[in-house]
Amino acid sequence: MSDRESTNGSAERRLGVFKTYKLYVGGKFPRSESGRVYEVTDSKGQWLANAPQSSRKDARDAVVAARKAFGGWSGATAYNRGQVLYRVAEMLEGRKEQFVREVAAAEGLSKSKAAAVVDAAVDRWVWYAGWTDKIGQISGGANPVAGPFFNLSTPEPTGVVAVLAPQKSSFLGLVSVIAPVIATGNTAVVIASADAPLPALSLGEVLATSDVPGGVVNILSGATAELAAPLAAHQDVNAIDLTGAGAELAKELEIAAADNLKRVLRPLPAEADGSDASTDWLAAPGTHRLTAFLETKTVWHPTGALGAAGSSY
């Protein structure tokens, strides 16, 4: 047998290397604490991969990581956060082919339609990156008061936000709910789509190789209801986005969230059944997701007199 024949024979016998998907928590890639996995299939029911099935312990670990990262991320300048988010978009652009394959398989789209979705997701990330140092100008400002005072209102991040990602829009919808949370200085614990978690888990790899500090975004896969319940009741979670919850689950989570007065972003009417199938994620997002997880701090400061003329400032 010639060397060429031997080489060709080896190539024909080669087995592909299957990817092991893992969680993304605290900037690292752990397996689920429970050791559980579940099968992820494409739109035709064909096996794609085994995804880690997160436990309540994984959810609690993710909250600890998000809280640890909050001080540094919220304390960074808005301009710096914008640079970091733009770097994520650069990394997404470089791995576009991978995401096109994963989105096409997850959502049953043609390659051309999946490419359009991925392009929109990258553009959406850039759009939110541009808002980091501008949102304060439209959600804060100087307030007119009847007295010798300055009265200034400024937005501040809420804290740790639990995000239930859309169930059907595995990538564009995912980006649309994560980016505004971290653009405004919050940290996030994200529950990926239960049926289509692979694009979300791959996004964790992008975040790990960009400039986003570990713990700013934490991504869990598994049963949405199982993971959302402990997050909604967690005393160190400050807010929750219910986009990926059905109407019944959303009601239960909102009741649990009231225990420590969490901010709650309810699903839009098109998302109320939890399927988000009719939600137009390609539409202009507006700023409501940016302002949903901001607190307003108002400061009063007395004015003073300058010089003998008695002018004031």
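Look up: the structure comes first, before these words.
Calculation rules
Residues numbered from 1 in each chain as written. Predicted model: local features only at pLDDT ≥ 70, side-chain atom pairs only at ≥ 80, totals over all residues. Heavy atoms only, no water. Core = buried A, V, L, I, M, F, W, Y, C linked by side-chain atoms within 4.5 Å. Buried < 20%, exposed > 50% of the residue type's maximum accessible area, 1.4 Å probe, protein only. Helix = DSSP H or I, 4+ residues; strand = E, 2+ residues; numbered from the N terminus. Contact = heavy atoms within 4.5 Å. Expected span 1.5 Å × (residues − 1). Pairing = 2+ DSSP bridges. Right-handed = clockwise from strand over helix to strand, strands pointing away. Phe/Tyr/Trp six-rings, centres within 6.5 Å; stacked < 30°, edge-to-face > 60°. Lys NZ or Arg CZ within 6 Å of the ring centre and 35° of its normal.

(A) Molecular detail of the nonpolar core. Core analysis: the biggest nonpolar cluster contains 62 residues, and Trp125, Val190 and Leu207 have the highest contact counts within it. Examining the composition of this core, we find that 10 residues originate from one element, helix α5 (residues 111-131), more than from any other. Once you skip the residues sitting within four places of it in the chain, Trp125 turns out to touch Leu85, Val88, Ala89, Val175, Ile178, Ala179, Ile182 and Leu207. Counting residues in hydrophobic clusters, the runner-up holds 25 residues, among them Leu23, Val160, Ala162 and Leu231.

(B) Spotlight on helix α7 (residues 172-183). With 12 residues, α7 extends 16 Å between its outermost C-alpha atoms, agreeing within 8% with the 16 Å of an ideal straight helix rising 1.5 Å per residue. Residues of α7 that are buried include every one of Leu172, Gly173, Leu174, Val175, Ser176, Val177, Ile178, Ala179, Pro180, Val181, Ile182 and Ala183, and no others.

(C) Broad picture of the pairing of strand β5 (residues 160-164). Burial analysis of β5 places 5 of its 5 residues in the buried class, the great majority of the element. Side-chain alternation along β5 places Val160, Ala162 and Leu164 on one buried face and Val161 and Val163 on a second face that is also buried. With 5 bridges joining them, β5 and strand β6 (residues 187-191) adopt parallel strand pairing. Considered in β6, the bridge of Val163 is made with Val190. For the segment spanning β5, α7 and β6, crossover handedness is right-handed. When β5 meets strand β8 (residues 239-241), the two strands line up parallel, connected through 3 bridges. Bridging across to β8, Val161 finds its partner in Ala239.

(D) Spotlight on the packing of aromatic side chains. In this structure the tally under the stated criterion is 5 aromatic pairs. Each ring, one from Tyr24 and one from Phe29, has its centre 5.2 Å from the other, and the planes form 35 degrees; the classification is tilted. Each ring, one from Trp127 and one from Tyr128, has its centre 5.0 Å from the other, and the planes form 85 degrees; the classification is edge-to-face. Aromatic rings pair up to connect Trp127, Tyr128 and Trp131 into one cluster. Positioned above the aromatic ring of Phe70 is the side chain of Arg67, whose terminal nitrogen or guanidinium carbon lies 5.6 Å from the ring centre.

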